[in-house]
Amino acid sequence: VQMESATVLSERVQSCEDSLQRHDDFIHNDIGIRFEKIDDGLLAHKMDLEELQITVTEVNARKANRTELAELQKRVDGVAEIQTRDSATLEEAHSNLEKLHDCINMANDNKAQTQ
């Protein structure tokens, strides 16, 4: 019975040693390579993120904010109002020039009749 127990115990110890050897091989041979691959992947992701941050910063720099747009709209409205006033002034001046032209013609007609 003790012999069987010793054999079973010996087999268990051998199984544990084999398992330990496999884990040791994995740690020494495979895990370093896997860590390097993970590090390379993380570095690539970091570089991609930095490029995206630069792109977002550039896009945001080019975007006009709402305040700037509101101010631009006010300026456009102001220019349109000035243009409308100038147009009305020009129309009035044109009308006055036509009246002046008519007055000059009437004065010339009167002058011609009195001579």
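Use the structure listed above.
One structure accompanies this document, and this report is about it. Remember, predicted model here, so these are calculated numbers, not experimental data.

Conventions used here
Residues numbered from 1 in each chain as written. Predicted model: local features only at pLDDT ≥ 70, side-chain atom pairs only at ≥ 80, totals over all residues. Heavy atoms only, no water. Helix = DSSP H or I, 4+ residues; strand = E, 2+ residues; numbered from the N terminus. Rg over C-alpha atoms; globule rule 2.2 N^0.38 Å. Buried < 20%, exposed > 50% of the residue type's maximum accessible area, 1.4 Å probe, protein only. Areas by Shrake-Rupley, 256 points an atom, 1.4 Å probe, with all protein chains shown as cover. Expected span 1.5 Å × (residues − 1). Bend = angle between axes of the 7 residues up to and from the residue. Salt bridge = Lys/Arg side-chain N within 4 Å of Asp/Glu carboxyl O. Patch = residues over 30% accessible without salt bridge, like charges linked within 9 Å, V, L, I, M, F, W, Y side chains within 5 Å.

## With respect to the overall build of the protein chain
Counting its secondary structure elements, the protein chain contains two helices and zero strands. Here the protein chain has a C-alpha radius of gyration of 48 Å; the compact-globule value for 115 residues is 13 Å, and the former is much larger. In terms of overall dimensions, the protein chain has a C-alpha envelope of 160 × 25 × 15 Å along the principal axes. The buried share of the protein chain, reckoned over its 115 residues, is 0%. Split by element, the accessible area of the protein chain, about 11,000 Å² in all, is 57% carbon and sulfur.

## Let's talk about helix α1 (residues 2-62)
With 61 residues, α1 should reach 90 Å at 1.5 Å per residue; the first-to-last C-alpha distance of 85 Å fits that figure. Most pronounced at D30, the bend in α1 amounts to some 40°.

## Quick notes on the pattern of salt bridges
Considering all chains together, one arrives at one salt bridge under this definition. The partner of R85 in a salt bridge is E81, with the nearest N and O atoms 3.9 Å apart. Here R85 pairs with E81, and both are found in helix α2 (residues 66-114), just four residues apart, close to one helical turn.

## Concerning the environment of Q73
Note on placement: Q73 falls in helix α2. Accessibility expressed as a relative area gives 44% for Q73, which makes it partly exposed. Distance from Q73 to H23, taken between C-alpha atoms, is 71 Å for residues 50 residues apart in sequence.

## Section: a nonpolar patch on the surface
Among the surface-exposed residues, F35, I38 and L42 lie close enough to one another that they form a single nonpolar patch of about 320 Å² accessible area. When you line up the elements, I38 lands in helix α1. By relative accessible area, which is 49% here, I38 ends up partly exposed.

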